[in-house]
Structure formats: C-alpha cells, structure tokens
Amino acid sequence: MWKENLYQPVEVLTRRHTKFPIDEHQHSFYEMVYVREGSGTFSVREEGCPIRQCRYRARSLFLIPPDTTHRFTITTCSEYVFIRFTPQYAADYLGRRIEQALGAPAGQCVVVLRPEDARTADLLFGFIETESAAPRECSNPLIQAWLNSILLLVAGHRLQEIDRQLPLSDPHPDKALYMLQYIQQQIHHPERLTCEALGEKFHLAPSYVGPYFKRHFHEELRSYIRRNRIRAAEHLLAESPLTVKEIAARLGFTDAGYLVKSFRAFHTMTPLEFRRRNRPGTPSQSDERLPRTETTVPTTAASTDPDSPDRKTSDPA
C-alpha cells in the first residue's frame, strides 16, 4: 500500500478530478479535505473491521489522521481543497491537547460543524485557496492564521464530543480555545500575555491562569508562549529582511541578546545561522553581528516579557 510523506510543515493543494488518481492509501501526516463541489464516497478501512463508508457532497469536510487507510471514490466530478500538516505543526502552534483532539479514531474522519462554524470554515478555505493561488510576501502568516482558525473550529467540535463522554468541570470549554487563539494573535505583545493581563481578559484569577491553561492543553503556558514566539521569529528570519535586533523588538524580547539565547535553546544555533540555512545566498548583515556580551540577559530591570526570569508578575506555571 502506498504511504505518502510530507516534507514541509504545511502544504495546500487544490485538485479537480473525475476519477480519484490514488486508490487505497495512507499518509504520515494529517490531511484536511474540503469538498468544493461534486459527490462520491469516502471509505476508511481499519484492520480487523468492516470498511466504513459515507457519502460526500459539496462542503463536506474530512480530517484524516496519520496512518489511516482511506480512499475517495468519485461519482460526479469533484473539486477538493487538501490542507496537509504534520503532527508537530499542530502541537507547536496549537498545543498538545488540540493535537490529541484532532487525532480522532479512524472511523471519525467526517467533521460535522455547527452551521455558523461551517459558514466560517467555508470562508476561511476560500481565503486559503485565493492566497495560495497568488502568493505574496505576507501569504505564509495569513495562511497559517486561517488554517489555525479552521483547526480550532474542528478541535472544538472534537473536544465537545469528548466532553459529552467525559464531562469537564469547566462549564465554558470555548473559553479555553478562545484563550489559545488570543495568545497566538497577541504573540507580538508580551505585555498582554502576562498572568495578570490574561486573567483580566478571561475573568480568571492571575494565579489560576497557568493551571487553567495546563488543564485544558496539557502544557505549561510559559512554554507555549515561548515556543510560539520562537516560531514567529523563525518566520521573520526566513521571510523578511529585518535584522535580529528589529525582530527582537517586534516580538517583544527584552533585547537581541535574549532572543539569541532563547533561539539557541530551541535550535542549538543562532538566529543568523538559522537565516543562512533557510535563505541560502543571503549575505550576512553587518548590523546583525552581535557582540558576545549581548547573549546574556539583563538582570537589573524588570521586563514585560512573559518568559523573562526578571518579570515581576505571577508565574503562569
């Protein structure tokens, strides 16, 4: 059986077929399939179980986890939007809890959203298609934001299904998903991501913000924020001409040295080394050469950086 691999975090494809070109197959990644038009059958086969089939039509949505044996059979000419992403992408940008929710059993690949969420998803898929067809400098962060929004809608649906079976004490599970989305949107504004600011925004005690986040997403709030800021820095290093100092200022790091230190903790390389590897042929910029002393974190002044050890606010953990 053919098993397809993905060699980048995210890939968007639009395809139109009268006969699906691949028979029964698997992926090593997640694949979200949105049917723009057409009709046919989607089938899943699990070892030792009968083949499960369902009919699809325009606006049908599927989320196929890794290692799921499946097949599309076309009845009328069909147009699909395929969004493929790695498990690590979902874990990095959305958290372990969301990644686990997306990985439903193979027999639950069909996603049925609430009508208002389905309309939102349809618009977001349209935005992704349009942006992918005519890419520009800002396309990658836009597509990532739209994709993450769709994944949060799907994960919210899955989490509600789980909660019906294993009810949580939290009567407002949507608040947790909104907090996750808010953190992503405000990643450039660290002063909005302290425990005090998040507590005020989401009507939680500052001391409870960290435990609340961990209970829902199985990850420390501080770690999640730090990792997303590093991912934002990666994008700016690879896609923009900004210097390390400018990137540090834009992302709210205390200074370029703290960005370098945080980046090395994730990648065992400096930001400039990352830029050279991901943008071969890009000359080093003299104003980005940092003196060795800048790799230390200042300890004399308090910082609004939620990751800084000098921050005077409550520890989210």
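Residues numbered from 1 in each chain as written. Predicted model: local features only at pLDDT ≥ 70, side-chain atom pairs only at ≥ 80, totals over all residues. Heavy atoms only, no water.

Draft legend 1. The arrangement of the overall build of the chain in detail. Across its full length, the chain carries eleven helices and eight strands. When the 317 residues of the chain are sorted by exposure, 50% land in the buried category. Sequence-distant contacts in the chain: of pairs separated by 6 or more residues, those separated by 24 or more amount to 72%. When the accessible surface of the chain is summed, it comes to about 16,000 Å², and 51% of that surface belongs to carbon and sulfur atoms. (Helix = DSSP H or I, 4+ residues; strand = E, 2+ residues; numbered from the N terminus. Buried < 20%, exposed > 50% of the residue type's maximum accessible area, 1.4 Å probe, protein only. Contact = heavy atoms within 4.5 Å. Areas by Shrake-Rupley, 256 points an atom, 1.4 Å probe, with all protein chains shown as cover.)

Draft legend 2. Spotlight on the nonpolar core. One finds Met32, Ile98, Leu102, Phe125 and Ile183 to be the most contacted residues of the largest nonpolar core, which totals 50 residues. Residue contributions to this core peak at ten residues, all from helix 4 (residues 139-165). Sequence-distant contacts of isoleucine 98, that is, excluding residues within four places in its chain, are made with Leu152, Ala155, Leu159, Leu177, Leu180 and Phe217. Listed in part, the 19 residues of the second largest apolar core include Ala233, Phe253, Val260 and Phe263. (Core = buried A, V, L, I, M, F, W, Y, C linked by side-chain atoms within 4.5 Å.)

Draft legend 3. Representation of the side chain of glutamate 4 within the structure. Take glutamate 4: it is sitting in strand 1 (residues 2-4). Here glutamate 4 falls in the buried class, since its relative accessible area comes to 15%. One polar contact links glutamate 4 to arginine 84, side chain to side chain, over a distance of 2.8 Å. (Polar contact = N/O pair within 3.5 Å; in protein donor to acceptor, adjacent residues only side chain to side chain.)

Draft legend 4. Region of interest: helix 1 (residues 87-94). For helix 1, the tally of buried residues reaches six of eight residues, placing the bulk of the element in the interior. Where helix 1 is concerned, the buried positions are Tyr89, Ala90, Ala91, Asp92, Tyr93 and Leu94. At the exit of helix 1 stands glycine 95, carrying a positive phi of roughly 100 degrees.

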